[in-house]
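# Fold and contact review
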Amino acid sequence: STRTGELLQKREMVGAFQRIPMVMPATDILMSAQRKSRNVPPTKGIQNIAKRERNKGAKQLDALMKELSVPLRTYTENFPRRRDLHPYERSLIELTFGEGYYEKVLGRVDALRKKITSVGKQHASVCAKSLTKREAEERLTEGRKELEEVFQRGQNAIEDLINVAKALRSMPVVDPHIPTLCLVGSPNVGKSSLVRILSTGKPEVCSYPFTTRGILMGHIVSNHERFQVTDTPGLLTRHDDDRNNIERLTLAVLSYMPIAVLYVHDLSEDCGTKVADQYITYKHIKERFGDRLWIDVVSKCDLLDRATPSRFDDAADDGVDDELRRYREFGPEDAIRVSVQSQIGTRELKQRVHHLLTSQR
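Residues numbered from 1 in each chain as written. Predicted model: local features only at pLDDT ≥ 70, side-chain atom pairs only at ≥ 80, totals over all residues. Heavy atoms only, no water.

## Structural notes on the overall build of the protein
Along the backbone of the protein there are 14 helices and seven strands. Compactness check: the protein gives a C-alpha radius of gyration of 30 Å against a globular reference of 21 Å for 361 residues, more than 25% above the reference. Its C-alpha atoms give the protein principal-axis dimensions of about 105 × 45 × 35 Å. Intrachain contacts of the protein at a sequence separation of at least 6 include 74% that bridge at least 24 residues. Element-wise, carbon and sulfur atoms account for 50% of the exposed surface of the protein, whose accessible area totals about 18,900 Å². Looking at charge distribution, the protein has the averaged site of its 58 positive side-chain charges lying 12 Å from that of its 50 negative ones. (Helix = DSSP H or I, 4+ residues; strand = E, 2+ residues; numbered from the N terminus. Rg over C-alpha atoms; globule rule 2.2 N^0.38 Å. Contact = heavy atoms within 4.5 Å. Areas by Shrake-Rupley, 256 points an atom, 1.4 Å probe, with all protein chains shown as cover. Lys, Arg positive; Asp, Glu negative; His and termini not counted. Charge placed at Lys NZ, Arg CZ, Asp CG, Glu CD.)

## A word on the domain arrangement of the protein
A common measure of how large an interface is: the accessible area buried when the components associate. For the protein, the assigned domains read domain 1 (8-170) and domain 2 (180-360). Interface area for domain 1 against domain 2, summed over the two sides, is near 870 Å², with a carbon-plus-sulfur share of 73%. Sorting the residues of domain 1 by area buried against domain 2 places Tyr88, Leu95 and Thr96 first, and these three jointly supply 62% of that buried surface. Where domain 1 packs against domain 2, one counts zero salt bridges. Inspection of the domain 1/domain 2 interface yields one residue pair in polar contact (both at pLDDT 80 or more). The element contributing the most residues to the side of domain 1 that touches domain 2 is helix H4 (residues 87-97), with six residues. Residue composition of the side of domain 1 that touches domain 2, grouped by class: five nonpolar, four polar and no charged. (Domains from an automatic or database assignment. Buried area = accessible area lost by both parts, 1.4 Å probe. Salt bridge = Lys/Arg side-chain N within 4 Å of Asp/Glu carboxyl O. Polar contact = N/O pair within 3.5 Å; in protein donor to acceptor, adjacent residues only side chain to side chain. Nonpolar A, V, L, I, M, F, W, Y, C, P; charged D, E, K, R; others polar.)

## Thoughts on the UniProt feature "coiled-coil region" (unreviewed entry) in the protein
UniProt tags residues 133-164 as "coiled-coil region" (unreviewed entry). From the first C-alpha to the last, residues 133-164 spans 46 Å; its make-up is 97% helix and 0% strand. (UniProt positions renumbered as here; feature names shortened; annotations may be inferred.)

## Quick word on the pairing of strand S1 (residues 180-185)
Among the six residues of S1, six are classified as buried, and the element is accordingly described as predominantly covered. Burial of S1 is two-sided: the residues Thr180, Cys182 and Val184 facing one way and the residues Leu181, Leu183 and Gly185 facing the other way are all buried. Pairing of S1 with strand S4 (residues 225-231) involves four bridges; the strand directions are parallel. Residue pairing in the sheet places leucine 181 in a bridge with valine 229 of S4. The pairing of S1 with strand S5 (residues 259-265) spans six bridges and is parallel. Paired with valine 184 across the strands is tyrosine 263, a residue of S5. (Buried < 20%, exposed > 50% of the residue type's maximum accessible area, 1.4 Å probe, protein only. Pairing = 2+ DSSP bridges.)

## Digging into unusual backbone geometry
Although it is not a glycine, aspartate 334 sits at a positive phi angle of roughly 70°. Of the residues examined, aspartate 334 reaches a relative accessible area of 63% and is grouped as exposed. Positive phi, normally seen in glycine, also occurs at glutamine 343, with a value near 60°. Within the secondary structure, glutamine 343 sits in the loop between strand S7 (336-337) and helix H14 (346-360). Judged by relative accessible area, which is 62%, glutamine 343 ranks as exposed.

## What to know about the environment of lysine 274
In this structure, lysine 274 sits in the loop between S5 and helix H10 (275-289). On a C-alpha basis, the gap between lysine 274 and arginine 54 in space is 81 Å, while along the polypeptide they are 220 residues apart.

## As for the pattern of salt bridges
Inspection of every chain in the model, using the stated rule, returns 23 salt bridges. Between lysine 145 and glutamate 149 there is a salt bridge whose closest N-O contact spans 3.8 Å. Of this pair, lysine 145 and glutamate 149 are both found in helix H6 (residues 133-153), four residues apart, which corresponds to roughly one turn of the helix. According to the relative accessible area criterion, lysine 145 is exposed, its value standing at 53%. Residue classification places glutamate 149 among the partly exposed residues on the basis of a relative accessible area of 36%. With a closest N to O distance of 2.7 Å, aspartate 240 and arginine 288 form a salt bridge. One end of the pair, aspartate 240, is in the loop between S4 and helix H9 (245-256); the other, arginine 288, is in helix H10, with 48 residues separating them in the sequence. Here aspartate 240 falls in the buried class, since its relative accessible area comes to 16%. A residue is classified by how much of its surface remains accessible, and arginine 288, at 40% relative accessible area, is partly exposed. Here the salt bridges do not stand alone but share partners, grouping Arg238, Asp240, Arg243, Glu247 and Arg288 into one network.

## A few points about the packing of helix H2 (residues 26-38) against helix H3 (residues 49-78)
The interhelical angle for the contact between H2 and H3, taken along N-to-C directions, is 145°, at an axis separation of 8 Å. Crossing angle aside, the handedness with which H2 passes H3 is right-handed. Contact residues: Ile29, Leu30, Ala33, Gln34, Lys36, Ser37 and Arg38 in H2; Gln60, Ala63, Leu64, Glu67, Leu68, Pro71, Leu72 and Tyr75 in H3. Considering only residue class, the contact of H2 with H3 consists of nine nonpolar, three polar and three charged. (Axes fitted to C-alpha atoms, helices over the stretch in contact; angles between N-to-C directions. Left-handed = near helix turned anticlockwise from the far one by under 90°.)

This is the structure:
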C-alpha cells in the first residue's frame with residue numbers, strides 16, 4: 001500500500017500548476033480585512049468603558065492582522081514547492097521566470113506576512129494596556145494606520161505572485177505519465193504537418209509563457225489506448241549552453257518525459273538548414289538521448305527528386321566523410337521517407353508509430 005501511496009503522490013505532482021490557488025489582488029485583501037475587522041465587537045459583559053474600549057481596540061487590531069496575513073499564509077502553503085514538482089515542471093518554472101525568481105516571490109510574500117503579524121501583535125498589546133477610552137481609540141487608529149501602511153508597502157510582492165500564478169496556470173497540461181511521441185529536428189523540417197497527420201482529431205496549439213510560438217499537441221488513440229503527440233521547437237546547430245529558452249524546452253521534454261522520439265530530417269534543405277548542419281545536431285541529440293525509442297523520418301521526400309545544388313555538387317563532397325555522404329543521400333539507416341504533400345509513406349509511418357507506442361506501454 002505504501003507503493004500505491006507513492007504512486008498517487010507522484011501522480012499528484014502532475015498538473016500542479018492547474019491547482020495553484022487564486023491570488024486576490026492586494027486592494028481586495030485590504031478592503032475585505034478592513035471591513036471585517038471594524039465589525040468585531042468587544043467581549044460581552046465588560047461594564048467599565050475604558051476596559052471595554054481597549055478590549056475592542058485590541059480585538060479589532062488582532063482581527064485586521066489575521067485578515068491580512070491568513071490569505072498570504074494560504075498562498076505560501078499552497079503554491080507547490082519546487083522540490084515537490086515533476087522535474088519537467090521544474091524546468092518550465094526556470095524557463096519562464098529564470099533561476100530562483102519563483103522562490104524569491106514566495107519568500108517576499110512570506111516576509112510580508114511575518115511583518116504584518118509582528119506589527120499587529122505589537123499594536124494590539126499596546127492598545128490592550130490603554131488607561132482611558134480616548135487612549136484606546138487613538139492606539140486603535142494608530143495601529144490600523146501602521147498595519148495598512150506595512151501591507152501597502154509590501155503589496156507589490158502580491159502583484160508579482162498574481163503574475164506568477166497567471167503564467168503557471170496558462171501552461172499546457174502535459175501528463176508525464178502518458179507515453180508521448182515527440183517530434184524533434186531542425187526548424188521548419190515539417191514537424192507540425194506530421195503531428196497533424198498522426199493525431200486522432202485536431203491537435204491544439206499550446207503556448208508557453210516564454211515564447212510566442214505555439215506548440216502543437218495532439219493525441220493518438222490506437223487500440224483504445226491514448227498517447228500524446230507533440231512537436232517541439234526546432235534545434236539550431238549550436239552548443240547546448242548557447243541554446244535559447246525555446247530550444248531548452250525541447251531538451252527539457254527529451255530529458256524528463258517518458259517519450260519516444262520521431263526525429264525529422266529535411267534532406268531537400270527546403271527548411272533553410274544545410275544537411276551537414278542537420279547531421280551535426282542529429283548526431284548530438286542521438287548521442288544524448290539515444291536510449292529513447294526512436295524513429296527517423298525523412299520528410300518532404302517529394303522534393304528530393306529535384307536535384308538541389310548542394311546534394312550533387314562534387315566539389316562540395318571533397319573531404320566529406322562517407323557517413324555524411326550516406327546521410328545526405330538517404331538520411332539515417334532505416335529512416336522512413338514521407339511526404340505529407342504527396343501522401344507518400346504516411347501509412348507506413350502510422351504503423352511504425354503505433355508499434356513503437358504500444359511497445360512503450
